[in-house]
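Structure at a glance
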Amino acid sequence: MHSSRLGLSLLSSLLILAGAHAASGTPLDHVSGSVGYHERIALPGDATLTVELLDISKVGAKTERLARLSLPSGGRQLPLAFELPYYQADIQPNHRYGVRAMLTSSGGELLFTTAQHAAVLTRGSGKQVQLELQQVQAKSDTALENTYWKLVAIGDRLAQVQPNEREAYVLLLDGRVSGSSGCNKLMGGYTLRAPNELHVGPLNSTRVACLPGMMDQEASLIAVFARATRYRISGDRLDLMEGDKVLAHFEARYFK
């Protein structure tokens, strides 16, 4: 165990806990243990281990968190050991308590988590636990074709919606494009010549008069389709790109 890193994280937890009982000098105790997982996957160097002590006495009710410890992995691999401090005065013999843990990336993405709470402290449970984490499955990417893609932004300009008109969107299916600029309907063709390569157009449109801002958006959107050479999908997000430059950003919408 890297005591210096644990000490810093432990101090953070003590400062959080001190708000409840500092004045009374209530003694501290701790739950200790380690976390691991079965997958043969290296833990990212910037991952953070979070461990929480919860009061899980009330079935169906929101659990009460009594203590929380965040411990940067600092490049260490599993198993990771921890010591989670808590105030003895918070523990009631007739209550049930559990510990849960999770591993998150530096961006806050949940990587691994416990599937259930590990019982501790009361009803025959002790102060030491070995926690088994399960990998959180990443959400699969939405398909490019046969998906309603709502326009979110062109460059750094957010999409506009004209009153009583449909939002700007695009739908690609069987080589045909249909959509709207937020005012006029768009239609045409597209080709997929290689993985992640997309060419749209030429496009035709209806010729309804629009508000000035919507006309600007329509011209910009048609220009995006003309310039785009590739696309990138991440989850429910679609980026139309020219080389490595993102021209426009869309999000998938689902209708029930």
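Residues numbered from 1 in each chain as written. Predicted model: local features only at pLDDT ≥ 70, side-chain atom pairs only at ≥ 80, totals over all residues. Heavy atoms only, no water.

**Observations concerning unusual backbone geometry**
Rules: The way it works is that DSSP assigns letters per residue, a run of H or I at least four long becomes a helix, a run of E at least two long becomes a strand, and they are numbered from the N terminus.
Of the consecutive residues Leu-78 and Pro-79, the connecting peptide bond is found in the cis state with omega at 5°. Within the secondary structure, Pro-79 sits in the loop between strand E3 (64-72) and strand E4 (80-87). Backbone torsion omega between Gly-201 and Pro-202 reads 5°, so that peptide bond is classified as cis. Checked against the element boundaries, Pro-202 lands in strand E14 (residues 197-205).

**Some points on the state of the cysteines**
Quick note on the threshold: The rule for a disulfide is simple: a pair of cysteine sulfur atoms within 2.5 Å. Relative accessibility decides the category of a residue: with a 1.4 Å probe and only protein chains considered, values under 20% of the type maximum give buried, values over 50% give exposed, and everything between is partly exposed.
All chains considered together, the criterion is met by 1 disulfide. A sulfur-sulfur distance of 1.7 Å marks the disulfide that ties Cys-183 to Cys-210. Measuring handedness by torsion sign, the sulfur bridge of Cys-183 and Cys-210 sits at about -90° and is left-handed. In this pair, Cys-183 is assigned in the loop between strand E12 (176-180) and strand E13 (185-194) and Cys-210 in the loop between E14 and helix H2 (212-227), connecting sequence segments 27 residues apart. By relative accessible area, Cys-183 is classed as buried at 9%.

**Notes on the confidence of the model for the chain**
Convention followed: pLDDT gives the predictor's per-residue confidence on a scale running from 0 to 100. Here, two residues are considered to be in contact whenever any of their heavy atoms come within 4.5 Å of each other.
When pLDDT is averaged along the chain, the result is 86, and 88% of the positions lie at 70 or above. Per-residue pLDDT stays below 50 along residues 1-15; that stretch engages in 22 contacts with residues further than four places along the chain or on separate chains.

**Overview of the environment of Leu-158**
The residue Leu-158 is located in strand E10 (residues 157-158) in this model. What makes Leu-158 exposed here is its relative accessible area of 65%. Residues Leu-158 and Gln-217, spaced 59 residues apart in sequence, show a C-alpha to C-alpha distance of 9.6 Å. Ignoring any residue separated from it by four or fewer positions in sequence, one finds Leu-158 in contact with Val-152, Ala-153 and Gln-217.

**Details of the pairing of strand E1 (residues 28-36)**
Spelled out, the test is: When DSSP locates at least two bridges between a pair of strands, those strands are taken to pair.
Burial analysis of E1 places 7 of its 9 residues in the buried class, the great majority of the element. Bridging between E1 and E4 involves 8 bridges; their strand directions are antiparallel. By the bridge assignment for E4, Leu-28 is matched with Tyr-87.

**Here we look at the pattern of salt bridges**
Rule in force here: Salt bridges are counted wherever a side-chain nitrogen of Lys or Arg sits within 4 Å of a carboxyl oxygen of Asp or Glu.
With the rule as written, the count across this model stands at 10 salt bridges. Linking Arg-237 and Asp-239 is a salt bridge whose minimum nitrogen-to-oxygen distance equals 2.8 Å. Where salt bridges share partners, they join Glu-52, Arg-65, Arg-68 and Arg-100 into one cluster.

**Re the packing of aromatic side chains**
Condition: The aromatic pairing rule takes the rings of Phe, Tyr and Trp, using the six-membered ring of Trp, and pairs them if the centres are within 6.5 Å, calling planes under 30 degrees apart stacked, those over 60 edge-to-face and the rest tilted.
Counting across every chain of the model gives 2 aromatic pairs. Pairing Tyr-37 with Phe-112 gives two aromatic rings, centres 3.9 Å apart and planes at 5°, and the pair type is stacked. With Tyr-37 in the loop between E1 and strand E2 (48-55) and Phe-112 in strand E6 (residues 110-114), this residue pair connects regions lying 75 residues apart in the sequence. Looking at Phe-112, the relative accessible area reads 4%, which means it is buried.

**A short note on the nonpolar core**
This is how it is decided: Definition of nonpolar core: a set of buried residues of the types Ala, Val, Leu, Ile, Met, Phe, Trp, Tyr and Cys, connected through side-chain atoms within 4.5 Å.
Core analysis: the biggest nonpolar cluster contains 28 residues, and Val-35, Leu-49, Leu-53, Phe-82, Leu-103, Val-120 and Leu-131 have the highest contact counts within it. Elements represented by at least two residues in this core include exactly E1, E2, E3, E4, strand E5 (97-104), E6, strand E7 (118-120) and strand E8 (128-135). Leu-131 has contacts with Ser-34, Val-35, Gly-36, Phe-82, Val-99, Ala-101, Thr-114 and Ala-118, leaving out every residue within four places of it along the chain. Core analysis: the second largest hydrophobic core is formed by 24 residues, Val-170, Leu-172, Ile-233 and Phe-250 among them.

**Quick notes on H2**
Each α-helix winds once per 3.6 residues, and so residues spaced three or four apart point in a common direction. We apply this condition: One less than the number of residues in a helix, times 1.5 Å, gives the span that helix is expected to have.
Taking 1.5 Å of rise per residue, 16 residues should cover 22 Å, and H2 covers 23 Å from first to last C-alpha, within 8% of that figure. Met-214, Gln-217, Glu-218, Ser-220, Leu-221, Val-224 and Phe-225 are the residues of H2 that are buried.

**Observations regarding the environment of Pro-195**
Of note, Pro-195 is situated in the loop between E13 and E14. Judged by relative accessible area, Pro-195 falls into the exposed class, the value being 76%. The spacing of Pro-195 and Tyr-231 is 36 residues in sequence and 9.2 Å in space, taken between C-alpha atoms.

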